[in-house]
Amino acid sequence: MKDTFDFSLPDSQATAVEPIKPEKFDFESYQAYEQGLLARCKKFWESDSGVLVHRRMRVQEVFSYDSKDMEKSLGWQLGALWKSMAFQADVPNFLEPWYGLGTIASAFGFDYVWSEGQAPAINGHFDSVEQLLAYEAKPVEKTPIGKHTLDMIDYFLTKTQGKLPLSYSDIQSPLNIVANIVDSNQFYMDFMLNPDLIHQAFDRTAALFVDYMKIQQRMIGDALAKPGHGFASSRCFDGMGMSDDNIVMLSNDMYNEFAVPAFIKACTPFGGGPLLWRLVGKERGYSEDRWDPDGRWCLLQSNRSECQSYRWVCRYLCRYRSGTECTHRRYSGCGRGEST
């Protein structure tokens, strides 16, 4: 039997909801619900230890084909916010202007390919990092994807009158961005053959990231829920959330040498950088030498075999105090039996 990927199967992390049009949504009720949780979010954020429960309402259509239509996306997300109030939790859910993973990649001339029923895919790649660096990148806000994302933010704010928490769009890490638009065979060879070019590519990508995210930050204003995307986020929290899946392709030393400087450059203007990465199996347990021990925030989402639930629900917020010492504040239970 031929191996195939069936994209029509339901999203295992998704919750089924009914979409709600903005004019039918009870904004006052959700505002009261959010306000009732902000005090405990603020206390958690300002404390050295503690536990918060976050019940993320991920809607399959929002992260698939309906992301193309901002009206549909908002309707699905309003339905998710309304349904979320039925669950006991400590962190309110938020809106997200999700429009694929190619936001910063669009600066290098790439647009989306839309296959029916699927999330958008980037429509090409460079043959090498050298080729990427030779390309004259545009500011993200001047690309079709960048413009659409900002229009989506404006639409969400207008239709909700700025009354609901709204996060940044899903922006990938410099490592993820470059890995997605450079041919993989040459990209990982360049870490050994052309390390200076890797540094330049990550640095340029981080600069594009900062410029574009500052625009989003100004637009969203007081409604901004941080750090955003897949993380538990609140108006009381800080930082910039980003996915860094390709961390699994690099050794600890390589990750620290090449990826971390660009990660820090991208996130420092926004209060630090929670980092999303995924681990499958106990043998891939994370090691603390990947983290810069100077007080930055790192949020880890793992699928480790210690977690009896075998789902991506084990989340830690770690703050390094000095040296390798750190405290762990668990966001949601994973079956390990402790709240370290």
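Located above this text is the structure these notes cover.
Residues numbered from 1 in each chain as written. Predicted model: local features only at pLDDT ≥ 70, side-chain atom pairs only at ≥ 80, totals over all residues. Heavy atoms only, no water.

Undergrad: Would you mind showing me how to read the pattern of salt bridges here?
TA: Oppositely charged side chains may form a pair once their charged atoms are brought near each other. All chains considered together, the criterion is met by 6 salt bridges. Among the ionic pairs, Arg40 bridges to Asp90, the shortest N-O distance being 2.8 Å. In this pair, Arg40 is assigned in helix α1 (residues 27-46) and Asp90 in the loop between α2 (70-84) and β1 (112-113), connecting sequence segments 50 residues apart. Residue Arg40 is classed as partly exposed on the basis of its relative accessible area of 38%. Among the ionic pairs, Lys42 bridges to Glu46, the shortest N-O distance being 2.8 Å. Of the two residues, Lys42 and Glu46 are both situated in helix α1; the distance of 4 residues between them amounts to about one turn of the helix. (Salt bridge = Lys/Arg side-chain N within 4 Å of Asp/Glu carboxyl O. Helix = DSSP H or I, 4+ residues; strand = E, 2+ residues; numbered from the N terminus. Buried < 20%, exposed > 50% of the residue type's maximum accessible area, 1.4 Å probe, protein only.)

Undergrad: How should helix α5 (residues 174-181) be read in this particular structure?
TA: The periodicity of an α-helix, 3.6 residues per turn, causes residues three or four places apart in sequence to face the same way. Among the 8 residues in α5, 7 count as buried, and that is most of the element. Looking only at α5, the buried set comprises Pro174, Leu175, Asn176, Ile177, Val178, Ala179 and Ile181. Where α5 is buried, its residues touch β2 (121-122), α3 (129-134), α6 (184-193), α7 (195-220), β3 (242-243) and α8 (252-267). (Contact = heavy atoms within 4.5 Å.)

Undergrad: I would appreciate a short explanation of the side chain of Asn176 in the present structure.
TA: Examined against the element boundaries, Asn176 turns out to sit in helix α5. A polar contact of 2.8 Å, which involves the side chain of Asn176, links it to the side chain of Asn246. Among residues more than four places away in sequence, those in contact with Asn176 are Ser243, Asp244, Asp245 and Asn246. (Polar contact = N/O pair within 3.5 Å; in protein donor to acceptor, adjacent residues only side chain to side chain.)

Undergrad: Is there a simple way to think about the environment of Gln161 in this case?
TA: Note that Gln161 resides in the loop between α4 (144-160) and α5. Owing to a relative accessible area of 54%, Gln161 belongs among the exposed residues under this scheme. C-alpha separation for the pair Gln161 and Pro22, spaced 139 residues apart in sequence, amounts to 9.8 Å.

Undergrad: Please explain unusual backbone geometry as it appears in this structure.
TA: Apart from glycine, the bulk of residues carry a negative phi angle, and the bulk of peptide bonds sit in the trans form. Note that the residue after Lys226, namely Pro227, is joined by a cis bond; omega there is 5°. Checked against the element boundaries, Pro227 lands in the loop between α7 and β3. For Gln161, which is not a glycine, the phi torsion comes out positive at approximately 55°. Look at His229: it is not a glycine, yet its phi comes out positive at around 50°. Inspection of the secondary structure puts His229 in the loop between α7 and β3.

Undergrad: Is there a simple way to think about the packing of aromatic side chains in this case?
TA: The relative placement of two aromatic rings is captured by the distance of their centres and the angle of their planes. Counting across every chain of the model gives 23 aromatic pairs. For the ring pair Phe126 and Tyr135, a centre distance of 5.9 Å and an interplane angle of 55° mean the geometry is tilted. Since its relative accessible area comes to 30%, Tyr135 is described here as partly exposed. Members of the aromatic cluster, each reached through a chain of ring pairs, are Phe25, Phe27, Tyr30, Tyr33 and Trp82. The aromatic ring of Phe87 is capped on one face by Arg55, whose charged end is 4.4 Å from the ring centroid. Geometry around Phe63 places Arg58 over its ring, the cationic atom sitting 4.5 Å from the centre. (Phe/Tyr/Trp six-rings, centres within 6.5 Å; stacked < 30°, edge-to-face > 60°. Lys NZ or Arg CZ within 6 Å of the ring centre and 35° of its normal.)

Note that all results are geometric; they support no functional claim without further evidence.
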